[in-house]
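Below, each chain spelled out in residue letters.
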There are 2 protein chains.
Amino acid sequence: MDMLWSGWGDPAKATPLPDAVTGLLRKLLGVKPRGTGPVALDEIAVPASPLTAPACRALADAVGGEEHVRTDAESRIRHTRGKSTPDLLRMRGGDTSGIPAAVVLPASHDDVLAVLRACAAHDLALVPFGGGTSVVGGLHPEQPVTRRRCFVALDLRRMDGLIAVDPVSRTATLQPGLRAPRAEALLAEHGFTLGHFPQSYEWATIGGFAAARSSGQASAGYGRFDDMVLGLTLATPEGTLEAGRAPRSAAGPDLRQLVLGSEGAFGVITSVTVRLRPLPETRIHEGWRFSSFEEGTAALRRLAQDGPRPTVLRLSDETETLIGLAQPDAIGSPAAQQAAGCQVITGYEGTAEGTAHRRKRAAAVLRDCGGTYLGEEPGERWAHGRYSAPYLRDALLDAGAFAETLETAAYWSRVPGLYASVRDALTTRLTEAGTPPLVMCHISHVYENGASLYFTVVSAQGDDPVAHWAPAKHAANEAILAAGGTISHHHGVGTDHRDWYVREAGELGIEALRAVKRRLDPAGLLNPGVLLPLD
Amino acid sequence: MDMLWSGWGDPAKATPLPDAVTGLLRKLLGVKPRGTGPVALDEIAVPASPLTAPACRALADAVGGEEHVRTDAESRIRHTRGKSTPDLLRMRGGDTSGIPAAVVLPASHDDVLAVLRACAAHDLALVPFGGGTSVVGGLHPEQPVTRRRCFVALDLRRMDGLIAVDPVSRTATLQPGLRAPRAEALLAEHGFTLGHFPQSYEWATIGGFAAARSSGQASAGYGRFDDMVLGLTLATPEGTLEAGRAPRSAAGPDLRQLVLGSEGAFGVITSVTVRLRPLPETRIHEGWRFSSFEEGTAALRRLAQDGPRPTVLRLSDETETLIGLAQPDAIGSPAAQQAAGCQVITGYEGTAEGTAHRRKRAAAVLRDCGGTYLGEEPGERWAHGRYSAPYLRDALLDAGAFAETLETAAYWSRVPGLYASVRDALTTRLTEAGTPPLVMCHISHVYENGASLYFTVVSAQGDDPVAHWAPAKHAANEAILAAGGTISHHHGVGTDHRDWYVREAGELGIEALRAVKRRLDPAGLLNPGVLLPLD
């Protein structure tokens, strides 16, 4: 099934906001209802594909037939941009700037190599496309104004197999177009799980997770996706790069780590070998409450540093706890209205015995740090609604509100300053612009040495919502760099974060990566302007 | 204190082999006693330094005075090659091929940048020198025969400070020339440990650990050194590269992982930010015995995959268990002679409560896998002698034997085949050459998805010991690649493993790294021929 072209997920699952929430938005944030929703798909005027007939034939030859090269309007619209709020606002308005000339569907690594050769021969740029869930402009290439090549989207959905399982080593090799739920289903047949459950879980793909260094909601227990990757195959215009021969090695720089996070700028990931874990016997979620974000942060730090480590560990700040966005199902509910302090969600997965022991010890730590146990209900409610926040965003946009998220990470000692200054930057800038926002935050991922902060912003839209948001996003990015955070903990760089990424990585760091790009993609065909600035 | 120039460690700690062992070597391996030991240091004829007076002045200016540029014979001899057995055999014979023109001692990052500028201006190659413990030719640059520049050793011993500790984030920033015992002492003042205890512990440096992806004997609990690194500063001929702003990030490829394992070929590591752990309350070691290497391997795999994870976890094969090299102190002792099966050493560090719990549960797993508990004595004996094996090698060389080690790693399912084929390659080749060897092996490091194998080879020397060993080492390297292992788990690439590393990383992987090298070190000053082939 295809995702909703103008929003998130399965159109059948769309749910309007309760009237009470709409009223709240109006009273609290001055949100004005909009008369119109997204334009209709078939009303969008799409310019004819600029793909030449010889280029089209070459691509068809590369992928085994013209049925795997699509130039119809709907296919192209469905591969235009990603799922950031500005992306959605543009799509809802029928703006198809950034539409690909064609969608190409390879079935194998060799197909991908052949497509890259065809692109080189016909001077086409190429954007790898997995689940299409980028929220950082990762599917929107930029090119020098003097030289606008057309580009094709390389949709990897036909490459969706489980290639091999090694139950002794607990590894599996997966194709890049495999969506996460299908990967879990295939691995479950062998008694294994990957344990990667990001908010984009239902739609995102294995290749995308690797390309963008995804991190899931159970990362405290299962690690980030880049922790799970043992090997990668990368198809580049200059040939094939294979990385990862042993779990760990001292043989030079870790080439896996050069492919992870490369966001399609160095090549197309055509297989990923991952670490597996046994399917858990039990899975339980609970809620805790702390009197302040500071107190809750101290509790999370203690669990992350001294253990025991829950599988899921998250802390919402006062605003997020109050609004109940920690449980999207419950937004505006009386329970959420009565919330006070900061809510923590803990989850435990594993063997029955191991889970019971960890849970008991973690509870003692949380209690010792000032936490109040809220029972399983808030935890299970969170787990039930864990993938629904993006649907909620569509409903907010329909109601005339603006809603967007952004995230960062830092060492523990910098977390309080980072939290304060990003919140302040967003609040100040949007208030100055006449749309005072609600800024909510949670700690979404913890490490021994630091944590991530995930911000949600809701405000009125302003007259031109995309332009209205840009200065606030800019201010948040500046605040992140100034406070010692990274420009992205798990969303990636894309085009949206690129200019701040360049500052974070430093001139020589970027130059080293550009040297790699020039070697692997000398004609600059791959995702131009994504991750790295144009030459 | 300086390390023994012709062997390992503190000359005062050298211990001769017991006569019984010498007799055993003679009977078992046909080792013939040698009349002579190493030549005397002051008898070695060293050619005058080829450093020109202007180059010498430029280097002195870079490091704050001519007292920090040493061209005397002894300083240069002490910076010639590393500590592989072929290195030692050459040094013992007075062979000073590969001697640096000078030893330069910078005191700061800026000094290093200035040295690099002086090297560029005067066409000098440069070899970073930490503890001098490379066993893979990492201190022995190669240059095109048509263009033999002289090279200087950059000894980082003056850069041996603890720059900063962040107790909240549990991080510290260390200078590269800090030796491990001093780093531990400085961190202990703050209540922390790094937990990195490789066999080279007493001599090796923080910068070397990072440059060569060191892995310590407590890696099951504390991780490898590359797991501990959060940030690095690299001084290159093109300027400074800083990597690591947050514990983890989705902002592009992980530049830390491009510096780790770069072995001085991209730049000089001038600071390392590491993860800290609290000083353990308790530290205990134990011995276990399994009936076979296969049974012991299965037990280690179960602990690595399902836990609980001891801090130290090692398994000696039958030969190593029998010879008692697992406890260098006990070699040839009656206890060692009676050993049968395969010995496992487990160690536990941490809080008293956590250690007791892990130990009890791990014991249940080991017993369930067929292990017999041997008590604390073998464990404590191993811990006591854990840094003495290199001293033993000197004694073996003195006695006329040849002794060398090599190591690899692979996924669990490949471990049995890798073990058999490397052992077979070494045995076959050395037996054909007339010196049937003892080949011992242990699993030194475990991961969820695989393990490392560490081989020790002892044989008679042959007439020309360096040339005699080369085909056996070659055969072992070929066997490693053929059986799916990595050419090095923790010793690194240097010059000795380079040709196999090139095959392991693949043409395009190597080309990507060469592109980085050309950008950071366009004149090819840094460690020419180490890690990467000459252009």
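Residues numbered from 1 in each chain as written. Chains lettered and ligands numbered in written order. Predicted model: local features only at pLDDT ≥ 70, side-chain atom pairs only at ≥ 80, totals over all residues. Heavy atoms only, no water.

### Considerations on the overall build of chain A
Then, in step 1: Along its length, chain A carries 20 helices and 18 strands.
Then, in step 2: Taking 535 residues into account, the globule formula puts the C-alpha radius of gyration at 24 Å, and chain A, at 23 Å, falls close to it.
Then, in step 3: Overall, chain A is about 65 × 60 × 45 Å in size when its C-alpha atoms are taken along their principal axes.
Then, in step 4: The proportion of buried residues among the 535 residues of chain A is 64%.
Then, in step 5: Considering only contacts in chain A between residues 6 or more positions apart, those separated by 24 or more positions represent 76%.
Then, in step 6: Taken as a whole, chain A presents about 18500 Å² of accessible surface, with 52% of it coming from carbon and sulfur.
Then, in step 7: Both charge centroids of chain A, one from 53 positive and one from 60 negative side chains, sit 2 Å from each other. (Helix = DSSP H or I, 4+ residues; strand = E, 2+ residues; numbered from the N terminus. Rg over C-alpha atoms; globule rule 2.2 N^0.38 Å. Buried < 20%, exposed > 50% of the residue type's maximum accessible area, 1.4 Å probe, protein only. Contact = heavy atoms within 4.5 Å. Areas by Shrake-Rupley, 256 points an atom, 1.4 Å probe, with all protein chains shown as cover. Lys, Arg positive; Asp, Glu negative; His and termini not counted. Charge placed at Lys NZ, Arg CZ, Asp CG, Glu CD.)

### Section: the sheet that holds strand 5 (residues 162-166) of chain A
Residue and element names in this part refer to chain A.
Then, in step 1: One open sheet holds the 5 strands; their spatial order is 5-6-10-8-9, and the pairing between them is antiparallel. The open sheet is flanked by strand 5 and strand 9 (239-243), the only strands paired with a single partner. Adjacent strand axes in the sheet meet at a mean angle of 10° when their direction is disregarded.
Then, in step 2: Here strand 6 (residues 171-174) pairs with strand 10 (residues 268-275) via 4 bridges, running antiparallel. Directly across from L174, in strand 10, lies its bridge partner V272. (Pairing = 2+ DSSP bridges. Axes fitted to C-alpha atoms, helices over the stretch in contact; angles between N-to-C directions.)

### Some details on helix 19 (residues 498-505) of chain B
Then, in step 1: Those residues of helix 19 of chain B not exposed but buried are R498, W500, Y501, E504 and A505 of chain B. In a view along the axis of helix 19 of chain B, the buried residues occupy a sector of 155°, so they form one face of it.
Then, in step 2: Of the surrounding secondary structure, the elements contacted by the buried residues of helix 19 of chain B are strand 9 of chain A together with helix 18 (465-482) and helix 20 (507-520) of chain B.
Then, in step 3: Following helix 19 of chain B by one or two positions, G506 of chain B adopts a phi angle in the positive range, close to 85°. (Arc of directions from axis to C-beta.)

### Thoughts on the relation of the copies chain B and chain A
Then, in step 1: Under the fitted operation, chain B is carried onto chain A by 0.0 Å of movement along the axis and a turn of 180°, and the coordinates agree to an RMSD of 0.0 Å. Put plainly, the chains are arranged around a two-fold axis. Among all residues of chain B, the one whose C-alpha sits closest to the rotation axis is A515 of chain B, at a distance of 2.7 Å. (Least-squares fit on C-alpha atoms with pLDDT ≥ 70 in both.)

### Re the pattern of salt bridges
Then, in step 1: With the rule as written, the count across this model stands at 64 salt bridges over all chains.
Then, in step 2: Across the pair D123 of chain B and R149 of chain B runs a salt bridge whose closest N-O atoms are separated by 3.2 Å. On the criterion of sequence distance, the pair formed by D123 of chain B in the loop between helix 5 (109-121) and strand 3 (125-129) and R149 of chain B in the loop between strand 3 and strand 4 (151-155) is long-range, its members being 26 residues apart.
Then, in step 3: Judged by its relative accessible area of 12%, R149 of chain B falls in the buried class.
Then, in step 4: Residues joined in a network through salt bridges with shared partners are E238 and R519 of chain A together with E511, R514, R518 and D535 of chain B. (Salt bridge = Lys/Arg side-chain N within 4 Å of Asp/Glu carboxyl O.)

### Looking at the sheet that holds strand 15 (residues 372-375) of chain A
Sheet strands pair by backbone hydrogen bonding; their relative direction is either parallel or antiparallel.
All names here are of chain A.
Then, in step 1: Across the sheet, which stays open at both edges, the 7 strands sit in the order 15-12-14-13-17-18-16 with antiparallel pairing between neighbours. Where the open sheet ends on each side, the last strands, each with one partner, are strand 15 and strand 16 (401-411). Strand-to-strand twist across the sheet, computed as the mean angle between neighbouring axes with direction ignored, equals 20°.
Then, in step 2: Here strand 16 runs beside strand 18 (residues 450-460); their pairing, made up of 11 bridges, is antiparallel. Considered in strand 18, the bridge of A409 is made with S452.

### Observations regarding the side chain of H491 of chain B
Then, in step 1: Among the structural elements, H491 of chain B can be located in the loop between helix 18 and helix 19.
Then, in step 2: Setting aside chain neighbours within four positions, we find H491 of chain B in contact with A250 of chain A together with V135, V136, T405, E407 and Y454 of chain B.

### Some points on the confidence of the model for chain A
Then, in step 1: For chain A, the mean per-residue pLDDT works out to 95, and 97% of the residues sit at or above 70.
Then, in step 2: ipTM for the predicted complex: 0.96, alongside a pTM of 0.97. (pLDDT = per-residue confidence, 0-100.)

### Some remarks on the interface of chain B and chain A
Then, in step 1: Contact with chain B, which involves 83 residues of that partner, is made by 83 residues of chain A.
Then, in step 2: When the two sides are added together, the surface that chain B and chain A hide from each other amounts to roughly 6100 Å², 56% of it contributed by carbon and sulfur.
Then, in step 3: It is R245, R248 and L508 of chain B that lose the most area in chain B upon contact with chain A, and together they represent 14% of the buried surface on that side.
Then, in step 4: Across the pair E448 of chain A and R275 of chain B runs a salt bridge, and its minimum N-O distance is 3.8 Å.
Then, in step 5: Where chain B meets chain A, there are 47 residue pairs in polar contact (both at pLDDT 80 or more).
Then, in step 6: With 9 residues, helix 20 of chain B is the single largest residue contributor to the side of chain B that touches chain A.
Then, in step 7: In the side of chain B that touches chain A, the residues fall into 34 nonpolar, 25 polar and 24 charged. (Buried area = accessible area lost by both parts, 1.4 Å probe. Polar contact = N/O pair within 3.5 Å; in protein donor to acceptor, adjacent residues only side chain to side chain. Nonpolar A, V, L, I, M, F, W, Y, C, P; charged D, E, K, R; others polar.)

### Side note on the packing of helix 19 (residues 498-505) of chain A against helix 20 (residues 507-520) of chain A
Think of two packed helices as two axes; the pair is described by the angle between the axes and how far apart they sit.
Residue and element names in this part refer to chain A.
Then, in step 1: Where helix 19 meets helix 20, the axes come as close as 5 Å, and the angle between the chain directions of the two elements is 110°. Taken together, the axes of helix 19 and helix 20 lie roughly perpendicular to each other. Contacts from Y501, V502 and A505 of helix 19 reach helix 20 at E507, G509, I510 and L513.
Then, in step 2: A breakdown of the residues in the contact of helix 19 with helix 20 according to their chemical character gives 5 nonpolar, 1 polar and 1 charged. (Parallel < 35°, antiparallel > 145°, perpendicular 65-115°, else oblique.)

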